Amino acid sequence: MPTAQPRPAWRSPLRLLLAVHLALATLFSLIVPLGEAPDEADHYAYVVFIGTQGRLPVGPAVTQGKHPPLYHGLGAALTAWTGLDFDFLRANPDAQHGPDAIYPNHFIHTRLEDFPWQGGSLAMHLLRFFSALLSTVTVWGVFALARTLAPGRPALALAARGFVGFLPGFLFSSGAVSNDNLAATLGTLSLLLALRIAAGGWTHRRGLALGVLLGLGLLTKVSLLVLWPVAALAVVLAPGWRSWTARLAAASLSLAPAVLLAAPWLLRNWFLYHDLLGWPLVRATVDVRQGPVDFSVLVWLASGLFKTFWGKFGAAGQIEYPAWVYVLLLLPSLAALAGLALYGFRKPGQLNDDLSQTTPSRRRRDLRLERRAQPGQLPGNDDLLQTTPSRRRRDLRFEPPASVPPDSSGAVRLAALLALSVVLSLATLVQYTGLALGTDQARLLWPVIGPLAIGFVAGLHELARRFWPTRRPSWMLIPAATFLLALAAALGLIRPAYGRPALAALPPDATPILFGAELALLEAQVDDSRHAPGQPVTVTLTWRAQLVPTQDWRVTVALRHPDDGALLADHTHAPTHGRWPTDRWRAGDAFQETITLTPPAEGVRPSRYLLTVQVRAFGAGDGAWLPVAGRGQGGVQAQIGPGVPIAPTDLGAALDRSQSPGCRRASRPRSTRAWPWSRPACPTRSHRARR
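Quick caveat: nothing in here was measured; it's all calculated off a predicted structure. (Residues numbered from 1 in each chain as written. Predicted model: local features only at pLDDT ≥ 70, side-chain atom pairs only at ≥ 80, totals over all residues. Heavy atoms only, no water.)

A few points about the overall build of the protein chain
Stated precisely, the cut-off is as follows: Here a strand is any run of E in DSSP of at least two residues, a helix any run of H or I of at least four, and the numbering for each starts at the N terminus. It only takes one pair of heavy atoms within 4.5 Å for two residues to be counted as in contact. Here the Shrake-Rupley method, with its probe set to 1.4 Å, supplies the accessible areas, and only the displayed protein chains count as covering residues.
Looking only at helices and strands, one finds 21 helices and 13 strands in the protein chain. Considering only intrachain contacts with a sequence separation of at least 6, the fraction spanning at least 24 residues in the protein chain is 77%. Total accessible area on the protein chain stands at roughly 30,800 Å², and carbon and sulfur atoms take up 62% of it.

Listed below in structure tokens is the structure:
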């Protein structure tokens, strides 16, 4: 009877961690509203163009068209059947930036995005799940990368895998439509294969696979070019070479498939933009930096990379942890760097012994390799009985070829290759920062997320080993802490930021102005003191849903001249500044919002300008304004208060003497109409309907 081999202790935790990562990435994709990730709407537009036009875009009209098309082409093939429309993506003119943003959403998320998804909404959710699957492959690649670097430390591989799989910044990117996900997958797999070649030797099959991965990486994102010299160096440093000619020939053969795969896209760029990588198009689609990359820019870049690595959410990174959370996260980051520095002071032999620590399963594999390496000896029955198909596949994944004996002295070489990939990626990012703004995003480093995670975990372990040598550190503390941070970010930070705002208190004695049958304006508070030209005018409106709204209603607040109705300033928006569109309101819900109108600084005729409010459905024309009723109002336009005086300082006294219509009727221009809904005693600031 065949002897059953014990299953490795790391297999079950690995599968569990992969499943939990996929679940978390899916959770982030569902919690974050569509379009609320960096450049997500632009990446979706690239997919739509390919899916509907059947070709690649030319010129800067499609901004993400500067990128190679592999991710977007795959996305178009996956979602072309859905219709790929833009109906659900409605820009929010009131979106705010910065950590104190109250209205962080760049788009207004109506019920068109609700389940069951249809059209473009379905397409974007499919693309997000595709990204989540790619990130799961990346997480597995990080595990395999750590196993290749330190085969005797499976706990290190599991901890690095758990750290990446639960990292909030990585999960946020994993649930978004972005080519960074495919770039991370191909970058991690390319590094994995390069390390296996450097550890176990080069073969034609491995060289071909490495070239295909590098070529596909270049067809995904140009930044993956930094891995080409790392891969070539790994081939050159592989064991078993007899001459430098053979080394260089193997490196050339490994890069040849990459060049052949990328050649059509490179030649297209040359014919269209006279540059193989299309840099003229890149410059036309990014915000170009005007100054040099000095120390202050480097500090800004480091700060942004740190925050987005641990988690900084929203389309423009406007949703952040509290400042004290970043301070706490800085402590393990600095500790990991200190631990890596201590690693550097070890002797090479000690480092090799640490990374290639022997385990019982490792000793059994080494024994089999020694038997196979003996000339003229065939495997006996015991060997055949102890080998199963699954074990042979695992040996192929994690062991060097039988012709090359295990080389424990190469651990330093493998670690140096990973460190080189990080250094080159950082140098390339700094160089790109000299061209473009907005490069302070850790997602640009996801192709080397594996080396970063392994370095973080190994650094913390080394520091713990130095200061607590008698205690055995628990590797799983790092994934557990990161998992809790991810849940806090998803449920405690992102979800409330895009949730329903607080309901407003109902004015007890207000008689509403009705806009159609669904919306009612309960109260308007106007800053009706004298304003100089260019000085903002603030208006606070309280709305209530009379019935369940059926439309995404849009409100236009305007300042108009009392004589001829000429428009001075206006603002069109969704109530609640787009955070909670009207088609999500329930009957009786009331919300309050504050709007700012900014008149021009020059060319303003001194007068008391009328403040008007109008409502119509999203996308409707000028003839679709809702009828106004209640308290003397009529037509399609409601007047709020006695007006706002706007005049230069030297004319202010004259307007101050011309008080509101309810105070001095003789001083009111004849064309100014007195509205019964708003005739309180002057001076007035709150205009509320009273019974």
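Examining the nonpolar core
This is how it is decided: As used here, the term nonpolar core means buried Ala, Val, Leu, Ile, Met, Phe, Trp, Tyr and Cys residues forming a set that is joined through side-chain atoms within 4.5 Å. Only protein chains enter the accessibility calculation, which uses a 1.4 Å probe; a residue is then buried when its area is under 20% of its type maximum, exposed when over 50%, and partly exposed in between.
Ranked by size, the top nonpolar core spans 130 residues in total, and within it Y44, F163, W310, F313, Y321 and V457 carry the most contacts. Among the elements that line this core, the one with the most residues is helix α4 (residues 119-149), at 13 residues. Other than its neighbours up to four places away in sequence, F163 contacts F309, W310, A453, F456, V457, I478, P479 and T482. Counting 34 residues, the second-largest nonpolar core is a separate cluster that includes V555, A569, A617 and V644.

Notes on the environment of R128
How we decide: In protein, a polar contact means a hydrogen-donor-capable atom and an acceptor-capable atom, both N or O and within 3.5 Å, with residues adjacent in sequence counting only if both atoms are side-chain atoms; elsewhere, any N or O pair within 3.5 Å suffices.
Mapped onto the secondary structure, R128 falls in helix α4. In this structure R128 comes out as buried when scored by relative accessible area, which is 1%. Apart from the residues within four sequence positions on either side, R128 is in contact with S29, V32, P33, L34, G35, E36, E40, S174, G175, A176 and V177. Of the polar contacts made by the side chain of R128, one reaches the backbone oxygen of G175; its length is 3.3 Å.

Some words on the side chain of H21
Note on placement: H21 falls in helix α1 (residues 11-31). When residues no more than four places from it in sequence are discounted, the contact partners of H21 are A132, S135, T136, V139, R161, G165, F166, F170, L171 and S174.

Some words on empty space enclosed by the protein
For the record, the criterion: Each cavity reported here is a set of points on a 1 Å grid over the protein atoms alone in which a 1.4 Å probe fits but cannot get out, each pocket an open set with protein on both sides within 12 Å along at least five of seven lines, and each lining residue one with an atom within 4 Å of a point. Grid points are joined across faces, edges and corners, and a volume is the space filled by probe spheres set on the points. For this scheme, ten residues count as nonpolar: Ala, Val, Leu, Ile, Met, Phe, Trp, Tyr, Cys and Pro. Four count as charged, namely Asp, Glu, Lys and Arg, and the remainder, Gly too, count as polar.
Under the counting rule described, the total for this entry stands at three cavities of 30 Å³ or more. Roughly 40 Å³ of volume is contained in the second largest cavity. What lines the second largest cavity is simply G65, K66, H67, W265, R268, N269, Y273, L277, G278 and L281. When residues in the lining of the second largest cavity are grouped by element, the largest group, four residues, is from helix α10 (residues 244-273). Of the residues that constitute the lining of the second largest cavity, the class distribution is four nonpolar, four polar and two charged.

Re the side chain of E593
Inspection of the secondary structure assignment puts E593 in strand β8 (residues 590-597). At 3.0 Å, the side chain of E593 forms a polar contact with the side chain of W543. There is a polar contact of 3.0 Å between the side chain of E593 and the side chain of H573.

Brief notes about unusual backbone geometry
Residue P116 follows F115 across a cis peptide bond; omega there is 0°. By secondary structure assignment, the location of P116 is in the loop between α3 (70-79) and α4. Even without glycine at this site, H274 takes up a positive phi of about 60°. By relative accessible area, which is 63% here, H274 ends up exposed. Positive phi, normally seen in glycine, also occurs at H577, with a value near 55°. Here H577 is to be found in the loop between β7 (567-573) and β8.

So, α4
Residue pairs three or four apart in sequence face the same way in an α-helix, which turns once every 3.6 residues. The criterion, for reference: To estimate the expected span of a helix, count its residues, drop one, and scale the result by 1.5 Å.
The first and last C-alpha atoms of α4 sit 45 Å apart over 31 residues, in line with the 45 Å expected at 1.5 Å per residue. Burial within α4 is extensive, with 26 of its 31 residues counted as buried.

So, the pattern of salt bridges
As a reminder of what qualifies: Any carboxyl oxygen of Asp or Glu that lies within 4 Å of a side-chain nitrogen of Lys or Arg is treated as forming a salt bridge with it.
One pass over the structure, following the stated rule, counts 14 salt bridges. With its nearest N and O atoms 2.8 Å apart, the salt bridge here joins R128 to E40. Of this pair, R128 sits in helix α4 while E40 sits in helix α2 (residues 40-53); the two residues are 88 residues apart in sequence, bridging distant segments of the chain. Grouping residues by exposure puts R128 and E40 together as buried. Ionic pairing is found between R605 and D564, a salt bridge with its closest N-O pair at 3.2 Å. In this pair, R605 is assigned in the loop between β8 and β9 (607-617) and D564 in the loop between β6 (553-560) and β7, connecting sequence segments 41 residues apart. Residue classification places R605 among the partly exposed residues on the basis of a relative accessible area of 38%. Taken together, the salt bridges that share partners define one network made up of D39, D180, K221 and R443.

Focus on the environment of P239
Within the fold, P239 resides in the loop between α9 (227-236) and α10. Overall, P239 belongs to the partly exposed group, its relative accessible area being 22%. A sequence separation of 37 residues divides P239 from W202, and the C-alpha atoms of the two residues are 7.9 Å apart.

Some points on α9
Burial of α9 is extensive: eight of the ten residues sit out of reach of the surface. Within α9, burial applies to L227, W228, V230, A231, A232, A234, V235 and V236. Along its buried surface, α9 packs onto α7 (180-200), α8 (204-218), α10 and α18 (411-433).

Things to note about the packing of aromatic side chains
Which entries qualify depends on this criterion: Any two rings among Phe, Tyr and Trp, with Trp reduced to its six-membered ring, count as a pair given centres within 6.5 Å; such a pair is stacked if its planes are under 30 degrees apart, edge-to-face if over 60, and tilted if neither. Here, a charge over a ring is recorded when the distance from Lys NZ or Arg CZ to the ring centre is within 6 Å and its angle to the ring normal is within 35 degrees.
Enumeration according to the criterion identifies 20 aromatic pairs in this entry. Here the aromatic rings of F309 and W310 are separated by 5.7 Å at their centres, their planes lie at 85°, and the arrangement is edge-to-face. Each member of the pair, F309 as well as W310, carries the same accessibility label: buried. Members of the aromatic cluster, connected to one another through ring pairs, are F163, F170, F309, W310, W446 and F456. Over the face of the ring belonging to W244 we find R247, whose NZ or CZ atom lies 5.0 Å from the ring centre. The lysine or arginine in question, K307, covers the ring of Y326, its NZ or CZ lying 5.3 Å from the ring centre.

A look at a nonpolar patch on the surface
For clarity, the threshold we go by: Without a salt bridge and with relative accessible area above 30%, a residue can belong to a patch; like charges are then joined within 9 Å and nonpolar side chains (Val, Leu, Ile, Met, Phe, Trp, Tyr) within 5 Å.
Residues L267, W270, F271 and L276 make up a contiguous nonpolar surface patch of about 460 Å² in total accessible area. Take W270: it is sitting in helix α10.

Let's talk about the confidence of the model for the protein chain
Definition in use: One number per residue, pLDDT, summarises how confident the predictor is, and it ranges from 0 to 100.
When pLDDT is averaged along the protein chain, the result is 84, and 82% of the positions lie at 70 or above. Every residue in residues 394-408 scores below 50 in pLDDT, and together they form 36 contacts with partners more than four places removed in sequence or on other chains. Here residues 658-691 is a poorly scored stretch, pLDDT under 50, and it has 81 contacts once near neighbours within four places are set aside; other chains count.

Details of the pairing of β6
When a strand is regular, its side chains alternate between the sheet's two faces. The criterion, for reference: Any two strands between which DSSP finds at least two bridges are classified as paired.
With seven of its eight residues buried, β6 lies for the most part within the structure. Across eight bridges, the pairing between β6 and β9 is antiparallel. Counterpart to L559 in the pairing with β9 is L611. Across six bridges, the pairing between β6 and β7 is antiparallel. Along β7, the bridge assignment pairs V555 with H573. With antiparallel pairing between neighbouring strands as the criterion, β6 and β7 make up a hairpin whose turn holds six residues, including G565 at a positive phi of roughly 70°.

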